[in-house]
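# Structure assessment
These are the residues of each chain, in order.
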Number of protein chains: 2
Amino acid sequence: MATTLKPVKQDIKVAVDNVIVTVKDGELFVLLIQMSKSPYKGMWALPGGLVEQKETLENAAGRFLKKQTSVSNVYLEQLYTFSDISRDPAGRVITCAYFALVPPDKYELQTNPKYADAQWWNIKKLPALAYDHEQIVKYGKKRLQWKLEYTNVAWSLLPKEFTMSDLQEVYESILGESLDKRNFRKKIVEQKMIRPTGKKAMRGAHRPAELFTFRSKVAKIIA
Amino acid sequence: MATTLKPVKQDIKVAVDNVIVTVKDGELFVLLIQMSKSPYKGMWALPGGLVEQKETLENAAGRFLKKQTSVSNVYLEQLYTFSDISRDPAGRVITCAYFALVPPDKYELQTNPKYADAQWWNIKKLPALAYDHEQIVKYGKKRLQWKLEYTNVAWSLLPKEFTMSDLQEVYESILGESLDKRNFRKKIVEQKMIRPTGKKAMRGAHRPAELFTFRSKVAKIIA
DNA sequence: CCAAAAGTGTTAACGCTACACCCATGT
DNA sequence: ACATGGGTGTAGCGTTAACACTTTTGG
């Protein structure tokens, strides 16, 4: 690489955008903010913004994540860097997309005065998005599906303790298909990702379900 | 994303670096250039450089690839964007790494006066690399191994016509393990990636081998 | 005729899929 | 007692992995 940094006429701004995902009621949701200024006033977009001079892309993504959801210590992964020349009408901006997985018991949406609104949107029913954000969301969804099959990322979308059905629901909502209960349990048990807590979940007029917890909250390849 | 482009004090340079890979004699090779200026004078590094104001990252990667190898129309994929604050001692530079697969019959190394030298290095015996380039090469190698198993990228590393053994050699050198001849052929034939040309390769004192060619030179997921 | 790589099938183990009934609880 | 979700086993099928000999050429 030849970054001899003689006066170069490069003036490209660097941003990050987060695809923040959670699962509620068996459906996948993405966090979007509503833009309050033109040219995309009123439209929805991924939360993000410019990187600061002295922070890494990952730090920037974490910073914006915290600003919107007040969570930290969640799964955060770089997705892809988008660089179309006219992706931002306001100037030359490239954006590095991250995706974050937020468990349903943890987040609290922040009302940021800078944006008109912030809301979870069902990923199947998204509004029109600003910039190239529709493309980014699609990319993120696909990556999540891959990750789910080959790693233990699912832990990032569940509370500390959960039932086998909760876990299966997460898989089904991400993969978009229903799975066989017995085969699912068998696969999960074989992988040794989770451990029974001994406790039971009493959730209504039926047999209580065993509660599990993840053995390790570190990303691991299980395939 | 809030790129309202009010005067921001962001001054981050954006570069690309290429992990250009080929296979020769059953071994994986990476193209490195030798730096002619301090602070890394004499050390080896990945070919790359700053992105121009009006080009995408992918275009920039293609441009540097062509400069070094005089090839175009080869497989080129974005790897990851590296952004450590002090990864470049000369200033704040983030780099988007790409990897390129070059077939052995196609390239011609360009002698670029800007660099002391450019050479193929066996990936198992790399010299000390400048910047964070060792990390980038490792990352690229891992990605290539994944891609090989789930897609038909191998076409990018072979000449138009090749024998089954040539193909197997590519797989073995990337995966770093030897494969069973019969099972390998069976798998490849089932995947329908290749087609016999009817021709034979006469390469010495042994039975001639059938020559094959790829049906499609477009990246496809085959798993 | 000898050396060298090409080409070819079968079997056993394993993993994946499909599938139906009983259990524990609240009302 | 009934409605609701929780929990369990097995058999068939397809896929993968292991394994050795014959063929065709050049020297």
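## Some words on the overall build of chain A
When helices and strands are counted, chain A shows 4 helices and 9 strands. In chain A, the order of α-helices and β-strands from amino to carboxyl end is β-β-β-β-α-β-β-β-α-α-α-β-β. Taken along the three principal axes of its C-alpha coordinates, chain A extends 65 × 40 × 30 Å. The burial tally for chain A puts 52% of its 223 residues in the buried class. Put simply, 67% of the contacts in chain A that link residues at least 6 apart link residues at least 24 apart. Within the structure as shown, chain A displays about 11,200 Å² of accessible surface, and the carbon and sulfur contribution to it stands at 49%. Of the charged side chains in chain A, 36 are positive and 24 negative, and the gap between their average positions amounts to 3 Å.

## Regarding the nonpolar core
One recurring pattern in soluble globular proteins is that nonpolar side chains are buried together. Counting 44 residues, the largest nonpolar core has A:V14, A:V16, B:V14 and B:V16 as its most contacted members. Counting only elements with at least two residues in this core, the list comes to β1 (13-24), β2 (27-34), α1 (57-69) and β6 (93-101) of chain A together with β1 (13-24), β2 (27-34), α1 (57-69) and β6 (93-101) of chain B. Here A:V14 is in contact with A:L50, A:V51, A:L57, A:I94, B:Q10, B:I12, B:V14 and B:I94, once residues within four sequence places are set aside. A:W44, A:A154, A:V170 and A:I174 belong to the second largest nonpolar core, which has 39 residues in total.

## With respect to the pattern of salt bridges
Residues and elements named next belong to chain A. Under the counting rule described, the total for this entry stands at 20 salt bridges over all chains. Salt-bridge contacts for D11 lead to K13; the nearest nitrogen and oxygen are separated by 3.5 Å. For K13, a relative accessible area of 12% puts it in the buried group. Here the salt bridges do not stand alone but share partners, grouping E77, R143 and K147 into one network.

## Examining the packing of helix α3 (residues 164-175) of chain A against helix α4 (residues 181-191) of chain A
All names here are of chain A. One can describe the packing of α3 onto α4 by two numbers: an axis separation of 11 Å at closest approach and a directional angle of 100°. Between α3 and α4, the crossing angle belongs to the class labelled roughly perpendicular. Taking contact as the criterion, the partners of M164, L167, Q168 and Y171 in α3 are, on α4, K181, F184, R185 and I188. A class-by-class count of the residues in the contact of α3 with α4 yields 5 nonpolar, 1 polar and 2 charged.

## A few points about unusual backbone geometry
All names here are of chain A. For the bond from S38 to P39, the omega torsion is 10°, close enough to zero to count as cis. On the secondary structure map, P39 appears in the loop between β2 and β3 (44-45). We note that D25 has phi near 50°; this positive angle belongs to a residue other than glycine. Summarising the element assignment, D25 is placed in the loop between β1 and β2. Its identity as a non-glycine residue notwithstanding, N73 has a phi of 60°, on the positive side. Counting through the fold element by element, N73 comes out in the loop between α1 and β5 (75-82). Exposure remark for N73: the relative accessible area of 71% places this residue in the exposed category.

## Examining the sheet that holds strand β8 (residues 162-163) of chain B
For sheets, the rule is that strands pair by backbone hydrogen bonds, running either parallel or antiparallel. Residues and elements named next belong to chain B. The antiparallel open sheet is built from 3 strands, whose spatial order is β8-β10-β9. Where the open sheet ends on each side, the last strands, each with one partner, are β8 and β9 (194-201). Note: β8 against strand β10 (residues 209-214), 2 bridges, orientation antiparallel. In the strand pairing of β10, T163 is matched with L211.

## Quick notes on the relation of the copies chain A and chain B
Overlaying chain A on chain B yields an RMSD of 0.1 Å, the required transformation being a rotation through 179° with an accompanying axial translation of 0.1 Å. The superposition operator between the copies reduces to a two-fold rotation axis. An overlap of 100% is found between the interface residues of chain A and their copies at the interface of chain B, pointing to a shared contact surface.

## Concerning the pairing of β1(A)
All names here are of chain A. Most of β1 is tucked away, with 11 of its 12 residues classed as buried. The sheet contact formed by β1 and β6 spans 9 bridges and is parallel. Residue pairing across strands places I20 opposite A100, the latter belonging to β6. Judged from the 3 bridges that link them, β1 and strand β4 (residues 48-50) form a sheet pairing that is antiparallel.

## Concerning the interface of chain A and chain B
Each partner contributes residues to the interface: chain A has 52 residues there, and chain B has 52 residues. Regarding the contact of chain A and chain B, the summed buried area is about 4,200 Å², with carbon and sulfur atoms giving 58% of it. At the junction of chain A with chain B, the criterion picks out 0 salt bridges. Taken together, the links from chain A to chain B amount to 17 residue pairs in polar contact (both at pLDDT 80 or more). Those elements that provide at least two residues to the side of chain A that touches chain B are β1, β4, β5, β6 and α2 (133-150) of chain A. Top contributing element to the side of chain A that touches chain B by residue count: β1(A), with 5 residues. Classifying every residue of the side of chain A that touches chain B by side-chain character gives 26 nonpolar, 13 polar and 13 charged.

Thresholds, definitions, all that
For every chain, the first residue of its written sequence is number 1, and the numbers climb from 1 along that sequence. The lettering of chains begins at A and the numbering of ligands begins at 1, in the order of writing. Owing to the predicted nature of the model, reporting of local features is limited to residues with pLDDT of at least 70; listing and counting of side-chain atom pairs is limited to 80 or more, with chain, interface and lining totals taken over all residues. Side-chain measures here rest on the full set of heavy atoms in the structure, leaving out hydrogens and waters. Where helices and strands are cited, they refer to DSSP runs of H or I of at least four residues and of E of at least two residues respectively, numbered from the N terminus. The buried label applies to any residue whose accessible area, calculated with a 1.4 Å probe on protein chains only, is under 20% of its type's maximum; exposed applies above 50%, and partly exposed to all values in between. Whether two residues are in contact is decided by their heavy atoms: any pair within 4.5 Å suffices. Accessible surface area values rest on a Shrake-Rupley calculation with a 1.4 Å probe, where residue burial reflects the displayed protein chains alone. Counted as positive: Lys and Arg. Counted as negative: Asp and Glu, with His and the chain ends omitted from the count. Charge positions are represented by NZ for Lys, CZ for Arg, CG for Asp and CD for Glu. What we call a nonpolar core is a set of buried Ala, Val, Leu, Ile, Met, Phe, Trp, Tyr and Cys residues that are connected through their side-chain atoms within 4.5 Å. Here, a salt bridge means any side-chain nitrogen of Lys or Arg that lies within 4 Å of a carboxyl oxygen of Asp or Glu. Lines fitted to C-alpha atoms define the axes here, with helix axes fitted over just the stretch in contact, and angles between the N-to-C directions of these axes take values from 0 to 180 degrees. Each angle gets one of four labels, with under 35 degrees taken as roughly parallel, over 145 as roughly antiparallel, 65 to 115 as roughly perpendicular, and the rest as oblique. Three classes are used, and their members are as follows: Ala, Val, Leu, Ile, Met, Phe, Trp, Tyr, Cys and Pro are nonpolar, Asp, Glu, Lys and Arg are charged, and the others, Gly among them, are polar. Strands are treated as partners if at least two bridges between them are detected by DSSP. For the least-squares superposition of copies, only C-alpha atoms count, and only for residues with pLDDT at least 70 in both. When two parts are brought into contact, each loses some accessible area as probed by a 1.4 Å sphere; the total of that loss over both is the buried area. The term polar contact refers here to a pair of N or O atoms within 3.5 Å; inside protein, the definition further demands a hydrogen-donor-capable atom paired with an acceptor-capable atom, and it admits residues adjacent in sequence only when both atoms are side-chain atoms.

So far we have only geometry, and geometry alone does not tell us how the molecule works.
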